[in-house]
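Architecture at a glance
So you can see what is in the structure, the chains are spelled out below.
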Amino acid sequence: MDVQAEVAEYFCQILREDHDVSAGIAAIRTLLYFLEKDNSKTLQELDNKLSKAIASMRQTDYPITAITSATELFRRFITLTSLLDNQSFDKCKESMLSRGQLFLNKLKEARDKVGKMAGPFIVDGCKILTHSKSRVVLQTMKEAAKANKRFTVYVTCSSPDESGRLMCKELDAANIPCTLILDSTMGYVMEQVDMVMVGAEGVVESGGIINKVGSYTMAMCAKELKKPFYVLTESFKFVRIYPLNQQNLPKEFKYSASKLQNDLSKEHPMVDYTPPSFITLLFTDLGILTPSAVSDELIKLYL
């Protein structure tokens with residue numbers, strides 16, 4: 001098995017064995033594994049191999065948005081020029097591994113931080129509508145339930161993969177009252193709820209989000225009925241792209257790698273783009289942000 005195939009298999013294995021891990025975290029764990037095993041002799045050779053390793057993960061059928069944002073930030077964080085100047089290659093690699101592990105540890109704490117930011121917005125008696133399955137939304141709701149808050153959740157089935165069923169099953173297991181609804185009934189249910197809470201596969205420079213297809217429809221319904229639309233997401237999902245509309249979203253973000261070879265006019269996109277004008281607040285490990293504040297945070301992340 002060549003190195004790229006090995007990287008892709010290791011990445012897929014993490015996601016198959018641990019369903020609580022996001023694609024972004026799995027990608028960073030894979031890159032750290034790759035760094036430990038790599039036998040490059042120069043920084044340029046190592047950087048080229050890192051690029052190929054990332055490309056191999058992007059060719060899998062897992063969500064590419066989080067892979068892209070997390071690996072870009074990871075490379076930026078471990079290769080800060082000031083830290084690698086005037087060091088031998090072995091020392092550079094040692095620094096990169098140390099910083100990479102530090103970066104991963106910070107990301108592991110991000111979900112808890114988001115939950116602490118968003119938790120106070122869940123109050124007794126409220127009704128929440130959510131879309132698809134989001135690990136950070138699920139954890140936030142579990143923490144609110146542990147704090148003895150009583151609330152009800154409506155979960156869309158989220159076609160075509162029916163991921164909402166998994167979300168509903170986990171909410172049931174946590175003794176959180178929930179109702180599974182058809183995607184097409186989100187407008188009907190919207191007038192009954194107090195807020196919408198969704199996750200995100202990516203947050204773009206405009207402050208809009210890339211998320212499971214149907215999120216844009218839900219955001220439009222929420223705005224029409226004057227319901228707050230909250231996004232819960234970790235900062236490693238901040239991605240440096242600026243889509244203007246649905247068609248402007250890169251194809252590799254919308255379709256799995258295996259489908260890009262097909263006639264895309266006959267394929268359903270996996271994600272859609274929700275513009276910032278439909279988003280009330282973003283709850284992140286960096287704080288509670290308005291969509292307009294995202295670009296500033298992106299700049300800080302990449303400085």
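Residues numbered from 1 in each chain as written. Predicted model: local features only at pLDDT ≥ 70, side-chain atom pairs only at ≥ 80, totals over all residues. Heavy atoms only, no water.

We count it as follows: UniProt positions are given in the numbering used here, feature names are shortened, and annotations may be inferred rather than shown by experiment.
Under an unreviewed UniProt entry, the name given to the protein is Translation initiation factor eIF2B subunit alpha, and the organism recorded is Frankliniella occidentalis. What UniProt states about the protein under its Sequence similarities (unreviewed entry) heading is, verbatim, "Belongs to the eIF-2B alpha/beta/delta subunits family." Database annotation for the protein, UniProt heading Subcellular location (unreviewed entry): "Cytoplasm, Cytosol".

1. Side note on unusual backbone geometry
The condition that has to hold: Comment: elements are numbered from the N terminus, with helices defined as DSSP H or I runs of at least four residues and strands as E runs of at least two.
Here the bond from S159 into P160 is cis, since omega is 5°, no more than 30 degrees from zero. Look at N148: it is not a glycine, yet its phi comes out positive at around 65°. Checked against the element boundaries, N148 lands in the loop between α7 (135-146) and β2 (152-156). Non-glycine residue N175 carries a positive phi angle of around 60°.

2. With respect to the packing of aromatic side chains
To describe a pair of aromatic rings, you give the distance between the ring centres and the angle between the ring planes. Here is the rule: Ring geometry is summarised as follows: Phe, Tyr and Trp rings, the Trp one being its six-membered ring, pair when their centres sit within 6.5 Å, and such pairs are stacked at plane angles under 30 degrees, edge-to-face over 60 and tilted between the two. Three exposure classes are used, based on accessible area relative to the maximum for each residue type with a 1.4 Å probe and protein chains only: buried under 20%, partly exposed in between, and exposed over 50%. The rule is short: NZ of Lys or CZ of Arg within 6 Å of the ring centre and within 35 degrees of the ring normal puts a charge over the ring.
Enumeration according to the criterion identifies 8 aromatic pairs in this entry. Considering the side-chain rings of Y10 and Y33, the 3.9 Å spacing of their centres and the 5° angle between planes classify their relative orientation as stacked. Placement of Y10 in helix α1 (residues 3-17) and of Y33 in helix α2 (residues 23-37) is noted, with a sequence separation of 23 residues between them. Exposure remark for Y10: the relative accessible area of 26% places this residue in the partly exposed category. Pairing Y230 with F283 gives two aromatic rings, centres 5.3 Å apart and planes at 80°, and the pair type is edge-to-face. One end of the pair, Y230, is in strand β7 (residues 229-232); the other, F283, is in strand β9 (residues 281-284), with 53 residues separating them in the sequence. For the pair Y230 and F283, one class covers both residues: buried. Here a set of aromatic residues connected by ring pairs shows up, and it is made of F74, F77 and F103. Over the aromatic face of F77 sits the side chain of R99, whose NZ or CZ is 4.0 Å from the ring centroid. The aromatic ring of F278 is capped on one face by K223, whose charged end is 5.2 Å from the ring centroid.

3. Quick notes on the domain arrangement of the protein
Here is the rule: Just so you know, the domain bounds were taken from an automatic or database domain assignment. Contacts between residues were defined by any pair of non-hydrogen atoms, one from each residue, lying within 4.5 Å. Accessible area that two parts lose when put together, with a 1.4 Å probe and added across both, is what the buried area reports.
For the protein, the assigned domains read domain 1 (3-111) and domain 2 (114-302). Its C-alpha centre places domain 1 at a distance of 26 Å from the equivalent point of domain 2. Taken together, the contacts link 23 residues of domain 1 with 23 residues of domain 2. Taking both sides of the interface into account, the surface hidden between domain 1 and domain 2 amounts to around 2100 Å²; carbon and sulfur atoms contribute 58%.

4. A few points about the pairing of strand β6 (residues 209-212)
For a regular strand, the rule is simple: side chains alternate between the two faces of the sheet. Put simply, the test is: Whether two strands pair comes down to DSSP finding at least two bridges between them.
Relative to β6, strand β5 (residues 202-203) runs antiparallel, the two being bridged by 2 bridges. Bridging from a neighbouring strand, V203 pairs with I209 of β6. Linking two consecutive strands that pair antiparallel, namely β5 and β6, is a turn of 5 residues; a positive phi of about 100° is found at G207 within it. For β6 and strand β8 (residues 271-274), the ladder comprises 4 bridges, and the chain directions are antiparallel. Looking across to β8, one finds that I209 is bridged to T274.

5. A word on α1
Spelled out, the test is: How far a helix is expected to stretch is found by multiplying one less than its residue total by 1.5 Å. Directions drawn from the helix axis to the C-beta atoms are what define this arc.
Taking 1.5 Å of rise per residue, 15 residues should cover 21 Å, and α1 covers 21 Å from first to last C-alpha, within 8% of that figure. All buried positions along α1 are accounted for by V7, A8, F11, C12, I14 and L15. Projected onto a plane normal to the axis of α1, the buried residues spread over an arc of 150° and lie on a single side. Residues of α1 that are buried sit in contact with α2, α3 (43-58) and α4 (64-78).

6. With respect to helix α6 (residues 89-118)
Using the following cut-off: Across the chain, bend at a residue is computed as the angle between axes fitted to the seven residues ending at that point and the seven starting from it.
If you check α6, its first and last C-alpha atoms are 43 Å apart, about what 30 residues at 1.5 Å a residue would give, namely 44 Å. Approximately 30° is the largest bend angle found in α6, and it occurs at A110.

7. Topic: the pattern of salt bridges
Put simply, the rule reads: What makes a salt bridge here is a side-chain nitrogen of Lys or Arg within 4 Å of a carboxyl oxygen of Asp or Glu, nothing more.
What the rule picks out here adds up to 14 salt bridges. Put simply, D20, R111, E234 and K237 are held in one network by salt bridges that share partners.

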